[in-house]
Amino acid sequence: MSTTLIAALAAGVVPAADAFAAPLSPAAAAAPSVPAPDMEGVTAALDSAMAEGAPGAMARFTGPSGVESRTVGVRDRTSGAPMDIHARFRIGSVSKTFSTVVLLQLVEEGRLELDAPVNRYLPGLLPDDRITVRHLLTHRSGLADYTDAMFADTVPGFEAVRNRVFSYQELVDLSLSEPRTTEPGVAYKYSNANFVVVGMLIEKLTGRPVSDAYERRVFKPLKLRGTSYVHPDTRIEGLHVRGYLHPDAAGDPLVDSTEQTVSWAQSAGAVISSPADLNTFTGALMRGRLLSPAMLEEMTTVTPTDATNTRFYGLGLRRYDLSCGTRVFGHTGTVQGFYTYAFSTRDGRRSLSAVANTSNHGAANTALGGTLEAAFCGKKPTVAPSSRAASSPAARDFSSLPAERDLPERH
């Protein structure tokens, strides 16, 4: 896909929030204004990701006043091509939100129940009938994350699976070969195995590949022309960002990890997208374009993932509580060579997508997360915060916290 075409497509959905907006009620029209995005702060976060080893980074913000974007560094270390806001990239675990939307649509159609055992739909797959569909979507099944062992040695692990094509069953078997992490429903424990099973459910209930469900239920309705699921093809077609994986040994050269099947993840992490499409997707989701109000309420009902009182997980959806009190919903993504953030406010009026073309370097991921504070909270006040604000759990600067990990990391 050419740069010109992608730019035209992007222009056709700008601003994304307006594309799905209903007429404002008098109450909504009188609502207080939200802070303007601090694009200098966004750029500073992108620069920090580069200082931590990313060859390049970019972010795109969509809000009531339109679209603003920033790019730094290169998208291709060999050619020196600069980062391009219209380029496509691997979004990693942001794919989990796409998978969840499809599965929740099937729930709405009466084809499965959230609190029913997974084994009702996939007989004999799991060793515990207590594991429900909801447990998968909330990472509370106790299924071990097979990627911990798969990528214990980062680069050798990646090279061993770069061109391999797994079946879903093979990935589930890898998970079941390890001890379970918790009793069903007891505690949050992130595991890619959960969303492998989600992919199996989608294919069992629709009788079609998961790629077909993505296309018919999400990509086409939202006109996400830069978004695709090409598994097991290894290419990213058209203008795209190249990804670079940090080896475990400090000082070793980066590994170009762009071409791979991502078969080790599939419905847990193999979608390809663009900044504009991610803004459109998260904004449309939060505006109720993809799910009913009742189902969206289920999806955004969250529980804590740690003790910071800033991070939560719903159904295939993270919620981050920022220092200004704003809550944003979306997902992070890690796949070899790429870190991604894709988040929107609950009303869908403001959306941010950000990517850095590296991985296995958590400091770069944390730095990239600083784009959220800058975009959604605006410029930090120059005066000391009030004691009330300082004592509030939401007053903690989100960007000061280490990034959550979607894959094992050594740095």
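Scope of this entry: the structure provided in the associated data block. From a predicted model like this one, the values you see are computed outputs, not experimental measurements. (Residues numbered from 1 in each chain as written. Predicted model: local features only at pLDDT ≥ 70, side-chain atom pairs only at ≥ 80, totals over all residues. Heavy atoms only, no water.)

## Notes on the overall build of the chain
Looking only at helices and strands, one finds 16 helices and 13 strands in the chain. Sorting the 411 residues of the chain into buried and exposed places 59% on the buried side. If you sum the accessible surface of the chain, you get close to 15,600 Å²; carbon and sulfur atoms cover 53% of it. (Helix = DSSP H or I, 4+ residues; strand = E, 2+ residues; numbered from the N terminus. Buried < 20%, exposed > 50% of the residue type's maximum accessible area, 1.4 Å probe, protein only. Areas by Shrake-Rupley, 256 points an atom, 1.4 Å probe, with all protein chains shown as cover.)

## Considering the pattern of salt bridges
Between side chains of opposite charge, a pair can form when the charged atoms approach closely. By the definition in use, this model includes 24 salt bridges. A salt bridge links Asp-306 to Arg-311; the shortest N-O distance between them is 3.6 Å. The class for Asp-306 is partly exposed, based on a relative accessible area of 27%. (Salt bridge = Lys/Arg side-chain N within 4 Å of Asp/Glu carboxyl O.)

## Some points on the environment of Ala-354
Mapped onto the secondary structure, Ala-354 falls in strand E12 (residues 351-356). When the C-alpha positions of Ala-354 and Val-42 are compared, they lie 9.5 Å apart, and in sequence the two are 312 residues distant.

## Here we look at the sheet that holds strand E2 (residues 66-73)
Taken together, eight strands build an open sheet; the order of strands is E2-E1-E12-E11-E10-E9-E8-E7 and the sheet is antiparallel. Only two strands of the sheet have a single partner each, and these edge strands are E2 and strand E7 (303-304). Sheet analysis places strand E9 (residues 318-321) next to strand E10 (residues 327-335), joined by four bridges and oriented antiparallel. Bridge pairing links Tyr-320 to Val-328 in E10. Strand contacts of helix H4 (residues 39-51): strand E1 (56-63), E2 and E12, with the helix running at about 30° to E2, the strand carrying the most contacts. (Pairing = 2+ DSSP bridges. Contact = heavy atoms within 4.5 Å. Axes fitted to C-alpha atoms, helices over the stretch in contact; angles between N-to-C directions.)

## Notes on unusual backbone geometry
With an omega of 5°, the peptide bond running from His-231 to Pro-232 counts as cis. Among the structural elements, Pro-232 can be located in the loop between helix H12 (210-219) and strand E4 (244-245). In this structure, Lys-223 takes a positive phi of about 55° despite not being glycine. Assignment of secondary structure puts Lys-223 in the loop between H12 and E4. On the basis of relative accessibility, which here comes to 51%, the residue Lys-223 falls in the exposed class. Of note in this structure, Asn-309 is not a glycine but carries a positive phi near 60°. Its place among the elements puts Asn-309 in the loop between E7 and strand E8 (311-313). Taking relative accessible area as the criterion, Asn-309 reaches 44% and is therefore assigned partly exposed.

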